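Survey of secondary and tertiary structure
Residues per chain are reported as follows:
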Amino acid sequence: MDTKSIKCPFCDVEKEQGFVVDMSMGDTFANSWHPGKPEPGWLYTIKVSSDKTIPIKAMRCPQCGHLDLFAEKIRYNKNED
């Protein structure tokens, strides 16, 4: 999906691209989508397969703040299925 020129369905204003930030343990990361239900991991974490994560792109309306999130096919790990 081309997210370069998406208009807000409420304001008809062009949305701006960004990303959702995860601040954890003093570091910052861009959030990712992972298939399936979360499974408990070690010490209050969840299990994640890095080869299955897909970066999340966010589009935000500068007028009303409406967000659209997209998990595009491009993965962090270049080894595709």
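To keep things clear, this report deals only with the structure shown in the data block. All figures in this text were calculated on a predicted structure; none of them were measured in a lab.

**Structural notes on the pairing of strand β2 (residues 21–24)**
Regular strands place their side chains on alternate faces of the sheet. In terms of strand pairing, β2 meets strand β3 (residues 27–30) through 4 bridges, oriented antiparallel. Paired with Ser24 across the strands is Asp27, a residue of β3. Connecting the antiparallel pair β2 and β3 is a turn made up of 2 residues, with Met25 showing a positive phi of about 55°.

**Regarding the environment of Ala30**
With respect to the helices, strands and loops of the structure, Ala30 is situated in strand β3. Exposure remark for Ala30: the relative accessible area of 36% places this residue in the partly exposed category. Residues Ala30 and Val20, 10 residues apart in the sequence, show an inter-C-alpha distance of 5.8 Å.

**Examining the pairing of strand β5 (residues 54–60)**
In terms of burial, β5 is a largely internal element, 5 of the 7 residues being buried. Sheet topology places strand β1 (residues 16–18) next to β5; 3 bridges connect them, and they run antiparallel. Bridge assignment links Gly18 to a residue of β5, and that residue is Ala58. Note: strand β4 (residues 32–33) against β5, 2 bridges, orientation antiparallel. Within the sheet, the bridge partner assigned to Ser32 lies in β5 and is Pro55. Here β5 runs beside strand β6 (residues 67–71); their pairing, made up of 5 bridges, is antiparallel. Bridging across to β6, Arg60 finds its partner in Leu67. Here β5 folds back onto β6 in antiparallel fashion, the turn holding 6 residues, of which Gly65 has a positive phi close to 85°.

Thresholds, definitions, all that
- Residues numbered from 1 in each chain as written.
- Predicted model: local features only at pLDDT ≥ 70, side-chain atom pairs only at ≥ 80, totals over all residues.
- Heavy atoms only, no water.
- Pairing = 2+ DSSP bridges.
- Helix = DSSP H or I, 4+ residues; strand = E, 2+ residues; numbered from the N terminus.
- Buried < 20%, exposed > 50% of the residue type's maximum accessible area, 1.4 Å probe, protein only.

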